[in-house]
Amino acid sequence: QVQLVESGGGLVQAGGSLRLSCAASGSIFSIGTMGWYRQTPGNQRELVADISSRGSTNYADSAKGRFTISRDNAKNTVHLQMNNLKPEDTYVYYCNAVCTTVAGPWRNYWGQGTQVTVSS
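What comes next is a walk through the structure. On a predicted model such as this, the values are computed, not experimentally measured, just so you know.

Some points on the nonpolar core
Nonpolar side chains in soluble globular proteins generally cluster together in the buried interior. Counting 30 residues, the largest nonpolar core has Leu4, Trp36, Ile69, Val78, Leu80, Met82 and Tyr93 as its most contacted members. Taken together, the elements giving at least two residues each to this core come down to β1 (2-7), β3 (18-26), β4 (28-39), β5 (45-51), β7 (67-72), β8 (77-82), β9 (91-101) and β11 (114-119). Top element by residues in this core is β9. It accounts for five residues. Setting aside chain neighbours within four positions, we find Val78 in contact with Leu20, Ser21, Cys22, Met34, Trp36, Ile51, Ile69, Ser70, Arg71 and Cys95.

The following block contains the structure:
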């Protein structure tokens, strides 16, 4: 069993910054790509940014130049530094990790979500 626990969401004014963090714990054998997604009004989760175990990153166009994803493999954590936030960044953000446990296959895991609200 793998758990992802997020922290760092909240309310911020436009132009401000937030740092989201996610810690993976449980019977983890290995973690592959970790990332952040956001839930659209249509209940679809769209990629904000992800990072491979080797540090290769991928960003949505809306995040490029403003957001930075990073990870600490020793601590099984992933972070999303969000700068110059805009009201249109207001979403619930979900941490995602592809993990394998000691005796199991690679699986996709999700955190519980953290609300980010940007006021104008």
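Quick notes on the pattern of salt bridges
The tally for this structure, following the rule as stated, stands at four salt bridges. With a closest N to O distance of 3.1 Å, Asp61 and Lys64 form a salt bridge. Judged by its relative accessible area of 65%, Asp61 is exposed. Several salt bridges share partner residues, and in doing so they unite Arg38, Glu46, Arg66 and Asp89 into one network.

Looking at unusual backbone geometry
Residues other than glycine seldom take positive phi values, yet Asn76 does so here, at roughly 55°. Its identity is not glycine, yet Asn84 carries a phi of approximately 50°, on the positive side. Secondary-structure assignment places Asn84 in the loop between β8 and β9.

Quick look at the state of the cysteines
Following the criterion strictly, the structure yields one disulfide and no others. There is a disulfide in this structure between Cys22 and Cys95, and the S-S distance comes to 2.1 Å. Handedness here is read from the sign of the S-S torsion; for Cys22 and Cys95, about -80°, the answer is left-handed. Of this pair, Cys22 sits in strand β3 while Cys95 sits in strand β9, and the two are 73 residues apart along the sequence. Exposure remark for Cys22: the relative accessible area of 1% places this residue in the buried category. The class of Cys95 is buried, set by a relative accessible area of 0%. Note on Cys99: no disulfide assigned, nearest cysteine sulfur contributed by Cys95 at a separation of 8.8 Å.

Some details on the pairing of β1
Burial along β1 is one-sided: Val2, Leu4 and Glu6 are buried, while Gln3, Val5 and Ser7, pointing the other way, are not. In terms of strand pairing, β1 meets β3 through six bridges, oriented antiparallel. Counted as the bridge partner of Leu4 is Ala24 from β3.

Definitions and limits used
Residues numbered from 1 in each chain as written. Predicted model: local features only at pLDDT ≥ 70, side-chain atom pairs only at ≥ 80, totals over all residues. Heavy atoms only, no water. Core = buried A, V, L, I, M, F, W, Y, C linked by side-chain atoms within 4.5 Å. Buried < 20%, exposed > 50% of the residue type's maximum accessible area, 1.4 Å probe, protein only. Helix = DSSP H or I, 4+ residues; strand = E, 2+ residues; numbered from the N terminus. Contact = heavy atoms within 4.5 Å. Salt bridge = Lys/Arg side-chain N within 4 Å of Asp/Glu carboxyl O. Disulfide = S-S within 2.5 Å. Pairing = 2+ DSSP bridges.

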